[in-house]
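What the coordinates show
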Amino acid sequence: MAILIYRLLDYFYLSLFLLLIFLFLPLILLLVVVGVLLILIFIFIIAVPAFFSANVAIVLTGSMKPALPVGSLTFSWRVPPEKIKVGDIIAFRYSSDVKVSHRVVEVLNDPQLAFRTKGDANDEEDPIITPAENVLGRVVFNIPYAGYATRLVMNYSNNWLGFVFFVGVPTLGLIGG
């Protein structure tokens, strides 16, 4: 009788173990995927730009549609302002706290180098001429919609709960998985 009870308990524990694995396997896989995505976001947002002296920005408006869709992650490399030509998309400081990426429609050299810019979706050119010293770089490529995920992680990883959810849990998933 005792052997039968032990066997039933063994089957019960095995069944419970298998049930828990099947219930939590999707969660574990989700945590691993989120962890891998966070690592890729880190590589693309911090490591690659730092290595290549690039600026990374999230497109917040539709002024450059369709070239730069809203929510895109843009990468701009520093180039000498003299190498910027009409048709290039440049990232520049519009004001002290606003960065903009617009297309160059005219290069001005009187009395110093400056650029007239315009958003592709805008009807008119930008009202302010951009001096060469405000240029952050030439936009080289963008990843459409990757800015949404980046912004989500950046917004919520600044407090302890977001840090636990976006960094701690995926890390445990990667270690445990």
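Refer to the structure printed above.
Read on for an overview of the structure. (Residues numbered from 1 in each chain as written. Predicted model: local features only at pLDDT ≥ 70, side-chain atom pairs only at ≥ 80, totals over all residues. Heavy atoms only, no water.)

Some details on the overall build of the chain
The criterion, for reference: Secondary structure counts use DSSP, requiring at least four H or I residues in a row for a helix and at least two E residues in a row for a strand, with both numbered from the N terminus. Type-normalised accessible area, obtained with a 1.4 Å probe on protein chains alone, sets the label of each residue: buried when under 20%, exposed when over 50%, and partly exposed for intermediate values. Whether two residues touch is decided by their heavy atoms; if any such pair falls within 4.5 Å, the residues are in contact. Residue-level accessible areas treat just the shown protein chains as cover; the underlying method is Shrake-Rupley with a 1.4 Å probe.
Within the chain, the regular secondary structure consists of 3 helices and 7 strands. Its helices and strands taken in sequence order, the chain reads α-β-β-β-β-β-β-β-α-α from the N to the C terminus. The 177 residues of the chain split such that 28% are buried. Put simply, of all contacts in the chain between residues at least 6 apart along the chain, 54% involve residues at least 24 apart. Total accessible area on the chain is roughly 11800 Å²; 69% of this is exposed by carbon and sulfur atoms.

With respect to the nonpolar core
How we decide: In plain words, nonpolar cores are sets of buried Ala, Val, Leu, Ile, Met, Phe, Trp, Tyr and Cys residues tied together by side-chain atoms within 4.5 Å.
Counting 9 residues, the largest nonpolar core consists of Ile84, Ile90, Phe92, Val100, Val104, Leu113, Phe115, Ala132 and Val135. At the level of secondary structure, the elements contributing two or more residues to this core comprise β3 (89-95) and β4 (98-108). If we ignore the near neighbours within four places in the chain, the residues touching Ile90 are Ile84, Val100, Ser101, His102, Val104, Phe115, Thr117, Val135, Gly137, Arg138 and Val139. Judged by nonpolar contacts, the second largest core, of 7 residues, contains Val59, Leu68, Ala91 and Leu136.

Let's talk about the pattern of salt bridges
What counts is decided by this rule: By definition, a salt bridge exists where a carboxyl oxygen of Asp or Glu is found within 4 Å of a side-chain nitrogen of Lys or Arg.
For the structure shown, the criterion picks out 5 salt bridges. A salt bridge links Asp88 to Arg138, with the shortest nitrogen-to-oxygen separation between them at 3.2 Å. Residue Asp88 is found in the loop between β2 (73-77) and β3, and its partner Arg138 is found in strand β7 (residues 135-143); the two are separated by 50 residues along the sequence. Here Asp88 falls in the buried class, since its relative accessible area comes to 10%. By sharing partners, the salt bridges in this structure join Lys85, Asp88 and Arg138 into a single network.

Things to note about the packing of aromatic side chains
Aromatic ring pairs are reported here in terms of the distance separating the ring centres and the angle at which the planes meet. Note the threshold: In this scheme Phe, Tyr and Trp rings, the latter by its six-membered ring, pair at centre separations within 6.5 Å, and the angle between planes marks the pair as stacked below 30 degrees, edge-to-face above 60, and tilted otherwise.
The full count for this structure, using the stated rule, is 3 aromatic pairs. Measuring from ring centre to ring centre gives 4.6 Å for Phe75 and Phe141, while their planes differ by 15°; the resulting arrangement is stacked. On the criterion of sequence distance, the pair formed by Phe75 in strand β2 and Phe141 in strand β7 is long-range, its members being 66 residues apart. Relative accessible area serves as the criterion here: at 0%, Phe75 is assigned to the buried category. With 6.3 Å between their ring centres and 10° between their planes, Tyr145 and Tyr148 make a pair best called stacked. Exposure remark for Tyr145: the relative accessible area of 52% places this residue in the exposed category.

Quick notes on unusual backbone geometry
Among all residues save glycine, negative phi is the norm, and among peptide bonds the norm is trans. Going from Lys65 to Pro66, the amide bond is cis rather than trans, its omega being 0°. Structurally, the position occupied by Pro66 is in the loop between β1 (54-58) and β2. A cis amide bond, omega -5°, links Asp110 with the succeeding residue Pro111. Although it is not a glycine, Tyr145 sits at a positive phi angle of roughly 70°. Residue position: Tyr145 is located in the loop between β7 and α2 (146-156).

Read these as spatial facts, not as claims about activity.
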